[in-house]
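A look at the structure
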Amino acid sequence: MYSQVIKPFIQSYNGFASCEGEECFKVTIAGASGGIGQPLSMLMKMNPFVKELSLFDLQHTPGVAVDLSHIETPCKVKAFMGADQRREALKDANIIIVSAGVPRKPGMTRDDLFNVNAYIIKDLAEAAAEVAPNALIAIITNPVNSVIPVACEVMKKANKFDPRRIFGVTTLDIVRTNTFVAEALKIDPKEVNVPVIGGHAGDTIVPLFSRSKPHVSFSDEQIIAMTKRIQNAGTEVVEAKAGAGSATLSMAYSAARFANALMRGLRGEQNVIECAYVASDYGGASYFATPLLLGKDGIKENLGVGELNDFEKKLVETAIPILIENIKTGVDFVNPK
Ligand code: NAD
Ligand code: LMR
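Residues numbered from 1 in each chain as written. Chains lettered and ligands numbered in written order. Predicted model: local features only at pLDDT ≥ 70, side-chain atom pairs only at ≥ 80, totals over all residues. Heavy atoms only, no water.

Across all of its chains, the model carries 18 salt bridges by this definition. For Glu-52, the salt bridge identified is with Lys-78, shortest N-O distance 3.5 Å. In this pair, Glu-52 is assigned in strand β2 (residues 50-57) and Lys-78 in strand β3 (residues 76-81), connecting sequence segments 26 residues apart. Salt bridges linked by common partners bring Asp-162, Arg-164, Arg-165 and Asp-297 together as one network. (Salt bridge = Lys/Arg side-chain N within 4 Å of Asp/Glu carboxyl O. Helix = DSSP H or I, 4+ residues; strand = E, 2+ residues; numbered from the N terminus.)

See below:
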């Protein structure tokens, strides 16, 4: 079943072969029992690069782990529950994926989540600095624009900060953009790749249609409408779920795609490129999402913003002051005046 169904299924969206020995990784998911955490844990259990999957949450991980452990793949699944087991869950992980935290309800902004989620990220980053300082840390938890600075500031305080290793996961913005463009062009989404830069909230999300592969020749009206839809896509899901949370399944898919890219980089594969929100320096914003070349230590090269057309320049001009404010919120949380 594994070679007939699962491997071709995984290959169909990732395009990789199975791994051996040192090319396999320990992945920890923090928030593993949640709406994102559970399907993401399943996708990681099915990923042949993952030899050990550590599930951490404040609740329910023993059941999730037993359930997953019956899936016929070699990856070993271990459960860790409660703050007391946080360090053990993270210990020696190659990759830590964080989806721990509260999601939005209709009427809320991502910023409204900061007061709760910043503490969760701080605790996890402190533990990671201690027990998994070389892990690549991929943070899904919102507000991404502010909690990535929280994680980085915590790492700096512990003298363990390596800007190549901490990522705000913005892959869902790319996945959505590819999907919407493919729908408009009536082509297979796998043929489409559109970089999305900036941040992960409203006006800070900047899709670069000028850089679309394949080239698109949308009218100005179409570009404006599609940009708005992408910037509002998270809210579209929150409203459709009507109080039951935000995007979970498309996010689990996106995080699995991003984690897989990190592992391909760790394995030494060439030309692995994904966008993510990372420590950077663009127009005064000390964190910015751009395409990144991934390698054995995380970011091998930040490929930067590149050429923008006039419309995209305006979007970036709007995004930067918002990002600067969002970043300040995160930095000040760790370093109160
Ligand atoms: P959820 O409520 O379904 O799951 C969150 C899980 O985190 C729960 O199981 C909860 O027990 C756990 N948790 C809470 N505090 C914890 C702690 N201190 N340590 C470990 N686990 C803890 O929420 P969800 O739908 O899975 O969303 C999770 C987060 O992801 C939210 O902040 C949401 O806004 C964000 N999100 C981000 C993106 C993105 O594109 N980056 C997309 C969707 C959702
Ligand atoms: C998303 O873009 O779907 C997430 O950031 C969740 C949200 O609150 O919109």
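Bridge count for strand β10 (residues 285-295) against strand β11 (residues 298-302) is 4 bridges, and the pairing is antiparallel. Residue Leu-294 lies in a different strand from β11, and its bridge partner there is Ile-299. As consecutive antiparallel partners, β10 and β11 are separated by 2 residues. (Pairing = 2+ DSSP bridges.)

Another aspect to go through is empty space enclosed by the protein. A probe as big as a water molecule, rolled over the atoms, marks out the empty space that is left. Counted according to the given criterion, the structure contains 2 cavities of 30 Å³ or more. Of all the secondary-structure elements, those providing two or more residues to the lining of the largest cavity are β4 (95-98), α5 (114-131) and β5 (136-139). Element by element, the count of residues in the lining of the largest cavity is highest for α5, at 4 residues. Residues belonging to the lining of the largest cavity are distributed by class as follows: 10 nonpolar, no polar and no charged. The volume enclosed by the second largest cavity comes to roughly 50 Å³. Across the lining of the second largest cavity, the residue classes break down as 5 nonpolar, no polar and 3 charged. (1 Å grid on protein atoms, 1.4 Å probe; cavity = no way out; pocket = protein on both sides within 12 Å on 5 of 7 lines; lining within 4 Å. Points joined across faces, edges and corners; volume = space filled by probe spheres on them. Nonpolar A, V, L, I, M, F, W, Y, C, P; charged D, E, K, R; others polar.)

Surrounding ligand 1, one finds 28 residues, the nearest of these being Gly-35, Ile-36, Asp-57, Val-102 and Ile-140. Backbone polar atom of Ile-36 to an oxygen atom of ligand 1: 2.9 Å apart, as the coordinates give it. His-200 places a side-chain nitrogen or oxygen 3.1 Å from an oxygen atom of ligand 1. Burial of ligand 1 by the surrounding chains reaches 88%, relative to a free accessible area of 870 Å². Elements supplying a minimum of two residues to the shell around ligand 1: β2 and α5. Grouping the amino acids of the shell around ligand 1 by side-chain chemistry returns 14 nonpolar, 13 polar and 1 charged. (Near = heavy atom within 4 Å. Polar contact = N/O pair within 3.5 Å; in protein donor to acceptor, adjacent residues only side chain to side chain. Areas by Shrake-Rupley, 256 points an atom, 1.4 Å probe, with all protein chains shown as cover.)

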